[in-house]
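Geometric and topological summary
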Amino acid sequence: YFSTPDLVSVSLSITVIEGEPVRLRVLATTQLLYTAEPVVTIKPITLGVYDAGSNYVGSANYITKPVFANITGGPVKADGTPAYSQVVENGENMEMLRLGIGTVTFDSIKVREPLMGNYNITFGGDGIIGATGSFTVEVGAPHKLNVPEKHTMVREITMHPIKDR
């Protein structure tokens, strides 16, 4: 509504619609706590696509492009290297954001031999402001036995009970 003295007032009606899809947000995480195993598969995580004004784009999404999920933080070994490896050989860390759909779901993120601790997953794509999720790995059932490189053999001694005389 605009008005000034001596002028006729004018009203304009403005409709704001979804803008360009530029941002991801985590909408749903199925599970946050996992038991350590040789390979841990993260349960589905769904992301929504938003415009610069934080409006959900939904079916107005007009782009198709790959979105990536990369584990960007977690426990480290004594030498400072990551104490896990992400499985990516078959594109487990990539999903397609599709035209007309305002969500993308990751259901095949995998972590090989994770240590206990908290992990971060960063989601993003070319020209898209990313989002971050997290999960925790706790102690699992034993699955391997570590034998030290050096070990000492102990001589076997057989003991016999003393018989009454």
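To be clear, the structure that these remarks concern was listed above.
As the structure is a prediction and not an experimental result, all values here were calculated from the model.

Section: the pattern of salt bridges
Applying the stated rule across the entire model yields one salt bridge. The salt bridge involving Glu89 is made with Arg112; its shortest N-O contact spans 3.4 Å. On the criterion of sequence distance, the pair formed by Glu89 in the loop between strand S6 (85–87) and strand S7 (94–97) and Arg112 in strand S9 (residues 110–112) is long-range, its members being 23 residues apart. What makes Arg112 partly exposed here is its relative accessible area of 30%.

Details of the pairing of strand S8 (residues 103–106)
Alternating positions in S8 separate cleanly, Val104 and Phe106 being buried on one face and Thr103 and Thr105 remaining unburied on the opposite face. Sheet analysis places strand S4 (residues 45–50) next to S8, joined by four bridges and oriented antiparallel. For Leu47, the partnering residue across the bridge sits in S8 and is Val104.

Quick word on the nonpolar core
Here is a general trend for soluble globular proteins: nonpolar side chains tend to be buried in one another's company. Among the nonpolar cores identified, the biggest contains 26 residues, and Phe106, Ile121, Phe123 and Phe135 are the most heavily contacted of them. Among the elements of the structure, S4, strand S5 (65–73), S8, strand S10 (117–125) and strand S11 (128–138) are those that each provide at least two residues to this core. Sequence-distant contacts of Ile121, that is, excluding residues within four places in its chain, are made with Ile45, Ala69, Asn70, Ile71, Thr72, Ile109, Ala131, Thr132, Gly133 and Phe135.

Here we look at the side chain of Glu92
When you line up the elements, Glu92 lands in the loop between S6 and S7. Of the buried charged residues, Glu92 lacks a salt bridge, with Lys110 as the closest side chain of opposite charge at 5.0 Å. Engagement of the side chain of Glu92 in a polar contact is seen with the backbone nitrogen of Glu89, the distance being 3.4 Å. Ignoring anything within four residues of it in the chain, the contact list for Glu92 reads Val87, Ser108, Ile109 and Lys110.

Cut-offs and rules
Residues numbered from 1 in each chain as written. Predicted model: local features only at pLDDT ≥ 70, side-chain atom pairs only at ≥ 80, totals over all residues. Heavy atoms only, no water. Salt bridge = Lys/Arg side-chain N within 4 Å of Asp/Glu carboxyl O. Helix = DSSP H or I, 4+ residues; strand = E, 2+ residues; numbered from the N terminus. Buried < 20%, exposed > 50% of the residue type's maximum accessible area, 1.4 Å probe, protein only. Pairing = 2+ DSSP bridges. Core = buried A, V, L, I, M, F, W, Y, C linked by side-chain atoms within 4.5 Å. Contact = heavy atoms within 4.5 Å. Lys, Arg positive; Asp, Glu negative; His and termini not counted. Polar contact = N/O pair within 3.5 Å; in protein donor to acceptor, adjacent residues only side chain to side chain.

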